[in-house]
2 protein chains.
Amino acid sequence: MRLPELRVMGVDPGLTRCGLGAVEGRPGAPLNLVKVGVVRTAADEEIGARLVAIEAGIESWLDEVRPDAVAVERVFAQNNLRTVMGTAQASAVAILCASRRGLPVALHTPSEVKAAITGSGTADKRQVGTMVTRLLRLEEMPKPADAADALALAICHVWRGGAHNRLAEAVARANSGPATSAAAYFRGRGRAAGYSRGTTK
Amino acid sequence: MRLPELRVMGVDPGLTRCGLGAVEGRPGAPLNLVKVGVVRTAADEEIGARLVAIEAGIESWLDEVRPDAVAVERVFAQNNLRTVMGTAQASAVAILCASRRGLPVALHTPSEVKAAITGSGTADKRQVGTMVTRLLRLEEMPKPADAADALALAICHVWRGGAHNRLAEAVARANSGPATSAAAYFRGRGRAAGYSRGTTK
């Protein structure tokens, strides 16, 4: 099954740094970087001003990038109580902005993303950053880590074939075969040193 | 110090039921109900559609009610892990809608609200509902509890003199004297059976 090319914008939500990264590609084909960056807000600003700034940043990205889908990190209340409320609030803004435009929104857990990009659901940030750099054939690792994480979310979503609900995700996982994880992506290439065009399928 | 009359919209955030309630008044003067209700979204809808519906509901309320300030329940990650993410996301939408219009947003904790309305920070929902009904001279208790809680938030905020930051709140608390809690509000009236106009100051 050859899925259409998809432009996906990933959002690693946060109040202080909201990572944004857009890629284009399809499962089993080269991925291209579209844009990467962060929206920052100051910790001493009021929460309302911070959310308004994040909304403005995401809106301007959506206007420019025109993604087919938006992938947002799924936040769990269990993780890091200190920052989880801000993360949940920033994620709500991202989901709202995308949904208002009628864009499909996918939520992926950090371990789903890590597993898709590195082959291990418990990979560390550096490993994710290294794989993002390699998969997008970048000269250096996107910084800060939030920006790299946003790209990882977008890549994960492209590899899942743009599925945005559980049923579709299950079908995509069943259909997409070896191209759904970076480990498989580089399978049989010896050292995973780079990417050469159009060889995966 | 006689503070100006204030119209406050309270938001008890939630995805399934987002309580909304607006009151008008000033510390030490009769309070009037402006509007009370809930925005509901279905649990089987996607999160994006739910947040868009909540945004539309709050926007339509803000257009109609034209509040001077918005009071939103402050959510803590510690409380009820099962629903806290949805609560945080709904609160983000409420804060965003108000802040986009330049309205001051106040966050009050549930115990601050309970203490202001009932005299006890650990009062139950029924006690809060009873006091809201009494303070607004309503014929029956607003239902569901989320609607009554939204009114309680708005009342709490009026009684704090519309302060929306910590410094202003501290000043308001210091200045507003006996009218800041319902216990004091009804002080010296024997049974707190009702409210008679213009006797508090």
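Residue numbers here run from 1 along each chain, matching the order of that chain's written sequence. Each chain gets a letter, beginning with A, and each ligand a number, beginning with 1, in the order they are written. Local features in this predicted model are restricted to residues whose pLDDT is 70 or higher, and side-chain atom pairs enter the listing and the counts only when it is 80 or higher, whereas totals over whole chains, interfaces and linings include all residues. Side-chain descriptors were evaluated using all non-hydrogen atoms of the structure, hydrogens and water having been removed beforehand.

(A) Inspection of the overall build of chain A at higher detail. Counting its regular elements, chain A contains seven helices and five strands. Listing every helix and strand of chain A by position from the N terminus yields β-β-β-α-β-α-β-α-α-α-α-α. Per-residue accessibility, obtained with a 1.4 Å probe over protein chains only, is compared with the maximum for each type, and a residue is labelled buried under 20%, exposed over 50%, and partly exposed between these values. Expressed as a percentage of the 201 residues in chain A, the buried residues total 53%. For chain A, restricting intrachain contacts to residue pairs at least 6 apart in sequence, the fraction spanning at least 24 positions comes to 62%. Here chain A has roughly 8,800 Å² of accessible surface; of this, 49% comes from carbon and sulfur atoms. Helix and strand labels come from DSSP, where a helix needs a run of H or I of at least four residues and a strand needs a run of E of at least two; each type is numbered from the N terminus. In this analysis, two residues are considered to be in contact whenever any of their non-hydrogen atoms come within 4.5 Å of each other. The Shrake-Rupley method, run with a 1.4 Å probe sphere, supplies the accessible areas, and residue values consider only the shown protein chains as cover.

(B) Geometry of the interface of chain A and chain B. Each partner contributes to the interface: chain A provides 25 residues, whereas chain B provides 25 residues. Summed over both partners, buried area is the accessible surface (1.4 Å probe) that two parts give up on being assembled. Both faces combined, the contact of chain A with chain B buries some 2,000 Å², and carbon together with sulfur accounts for 76% of it. When a carboxyl oxygen of Asp or Glu is within 4 Å of a side-chain nitrogen of Lys or Arg, the pair counts as a salt bridge. The interface formed by chain A and chain B contains two salt bridges. Among the ionic pairs, Arg100 of chain B bridges to Glu55 of chain A, the shortest N-O distance being 2.5 Å. Any pair of nitrogen or oxygen atoms within 3.5 Å is treated as a polar contact; in protein, a donor-acceptor pairing is required on top of that, and neighbouring residues in sequence qualify only through side-chain atoms on both sides. Counting the contacts that link chain A with chain B gives four residue pairs in polar contact (both at pLDDT 80 or more). Every element with two or more residues in the side of chain A that touches chain B is listed here: α1 (47–65) and α2 (81–100) of chain A.

(C) Spotlight on the pattern of salt bridges. In total, this model carries 18 salt bridges over all chains according to the counting rule given. When salt bridges that share partners are traced, they join Glu55, Glu59, Asp63, Arg100 and Arg101 of chain A together with Glu55, Glu59, Asp63, Arg100 and Arg101 of chain B into one network.

(D) Layout of the UniProt feature "binding site: Mg(2+) 2" (unreviewed entry) in chain A. All names here are of chain A. UniProt positions are given in the numbering used here, feature names are shortened, and annotations may be inferred rather than shown by experiment. UniProt records the feature "binding site: Mg(2+) 2" (unreviewed entry) at Glu73, using the numbering of this structure. Along the polypeptide, Glu73 turns up in strand β4 (residues 69–73). Apart from the residues lying within four places of it in its own chain, the contact partners of Glu73 are Val11, Asp12, Pro13, His108, Pro110 and Leu153.

(E) Highlighting the packing of helix α3 (residues 110–118) of chain B against helix α4 (residues 125–135) of chain B. All names here are of chain B. With their axes 9 Å apart at the nearest point, α3 and α4 run at an angle of 50 degrees to one another. By the criterion of interaxial angle, the relationship of α3 to α4 is oblique. Remark: the crossing between α3 and α4 carries left-handed chirality. Judged by residue contacts, Lys114, Ile117 and Thr118 of α3 engage Gln127, Val128, Met131, Val132 and Leu135 from α4. Taken together, the residues of the contact of α3 with α4 sort by class into five nonpolar, two polar and one charged. Throughout, an axis means a line fitted to C-alpha atoms (over the contacting stretch in the case of helices), and angles, computed between N-to-C directions, take values from 0 to 180 degrees. Angles below 35 degrees are treated as roughly parallel, those above 145 as roughly antiparallel, those between 65 and 115 as roughly perpendicular, and all remaining angles as oblique. Handedness of a crossing is defined here by the sense of rotation of the near helix relative to the far one, left-handed for an anticlockwise turn of less than a right angle and right-handed for a clockwise turn. Each residue is assigned to one class: nonpolar for Ala, Val, Leu, Ile, Met, Phe, Trp, Tyr, Cys and Pro, charged for Asp, Glu, Lys and Arg, and polar for all the others, Gly among them.

(F) Looking closely at helix α5 (residues 145–159) of chain B. Residue and element names in this part refer to chain B. Helix length check: α5, at 15 residues, gives a terminal C-alpha distance of 21 Å against a target of 21 Å (1.5 Å per residue), a fit within 8%. Counting buried positions along α5 yields 14 of 15 residues, so the element is predominantly enclosed. Positive phi shows up at Gly161, right after α5, with a value of about 75 degrees. The length a helix should cover is 1.5 Å for every residue beyond the first.

(G) Seen up close, the sheet that holds strand β5 (residues 105–108) of chain A. All names here are of chain A. When DSSP finds two or more bridges between two strands, those strands count as paired. Spatial strand order, β3-β2-β1-β4-β5: five strands in an open sheet with mixed pairing. Each edge of the open sheet carries a strand with a single partner, namely β3 (32–40) and β5. Each neighbouring strand pair of the sheet contributes to a mean axis angle of 20 degrees, computed without reference to strand direction. Relative to β3, strand β2 (residues 17–25) runs antiparallel, the two sharing eight bridges. Following the sheet pairing, Glu24 is matched in β3 by Asn32. Each of β1 (6–12), β2, β3, β4 and β5 is contacted by helix α5 (residues 145–159), which is oriented at about 140 degrees to β1, the strand it contacts most.

(H) Fine view of the sheet that holds strand β1 (residues 6–12) of chain B. All names here are of chain B. With respect to topology, five strands assemble into an open sheet ordered β3-β2-β1-β4-β5, the strand pairing being mixed. The open sheet terminates on both sides in strands that have one partner only, identified here as β3 (32–40) and β5 (105–108). Taking the axes of each pair of neighbouring strands and ignoring which way they run, one obtains an average angle of 20 degrees across the sheet. Judged from the four bridges that link them, β1 and strand β4 (residues 69–73) form a sheet pairing that is parallel. For Gly10, the partnering residue across the bridge sits in β4 and is Ala71. Sitting on the sheet, helix α1 (residues 47–65) is in contact with β1, β2 (17–25), β3 and β4, with an inclination near 165 degrees to β3.

(I) Here's a closer look at the packing of aromatic side chains. Pairing of aromatic side chains requires ring centres within 6.5 Å, counting the rings of Phe and Tyr and the six-membered ring of Trp. Pairs whose planes differ by under 30 degrees are stacked, by over 60 edge-to-face, and all others tilted. A full pass over the atoms with the stated rule returns zero aromatic pairs over all chains. Charge-over-ring placement is defined geometrically: NZ (Lys) or CZ (Arg) within 6 Å of the ring centre, and within 35 degrees of the ring normal. If you follow Lys35 of chain A out to its NZ or CZ, it ends over the ring of Trp61 of chain A, 4.9 Å from the centre.

(J) Fine view of the side chain of Arg50 of chain A. All names here are of chain A. Mapped onto the elements, Arg50 comes out in helix α1. Positive charge is attributed to Lys and Arg, negative charge to Asp and Glu, and no charge count is given to His or to the chain ends. An unpaired buried charge is present at Arg50: no salt bridge exists, and Glu45, the closest side chain of opposite charge, is 5.5 Å distant. Side-chain polar atoms of Arg50 contact the side chain of Thr41, separated by 2.7 Å. Among all residues touching Arg50, those that are not within four sequence positions of it are Leu15, Thr16, Thr41, Ala42, Ala43 and Glu45.

(K) Quick look at the nonpolar core. If you look at the biggest cluster of nonpolar residues, it comprises 52 residues, and the most contacted ones within it are Met9 of chain A together with Met9 of chain B. Residues in contact with Met9 of chain A, not counting those within four places in the same chain, are Leu20, Gly21, Ala22, Ile58, Trp61, Leu62, Pro67, Ala69, Val70, Ala71 and Ala154 of chain A. Here, the term nonpolar core denotes a set of buried Ala, Val, Leu, Ile, Met, Phe, Trp, Tyr and Cys residues that are joined through side-chain atoms within 4.5 Å.

(L) Summary view of the side chain of Thr109 of chain B. All names here are of chain B. As for its position among the elements, Thr109 is in the loop between β5 and α3. Thr109 sits in the buried class, given a relative accessible area of 10%. Thr109 has contacts with Arg74 and Phe76, leaving out every residue within four places of it along the chain.

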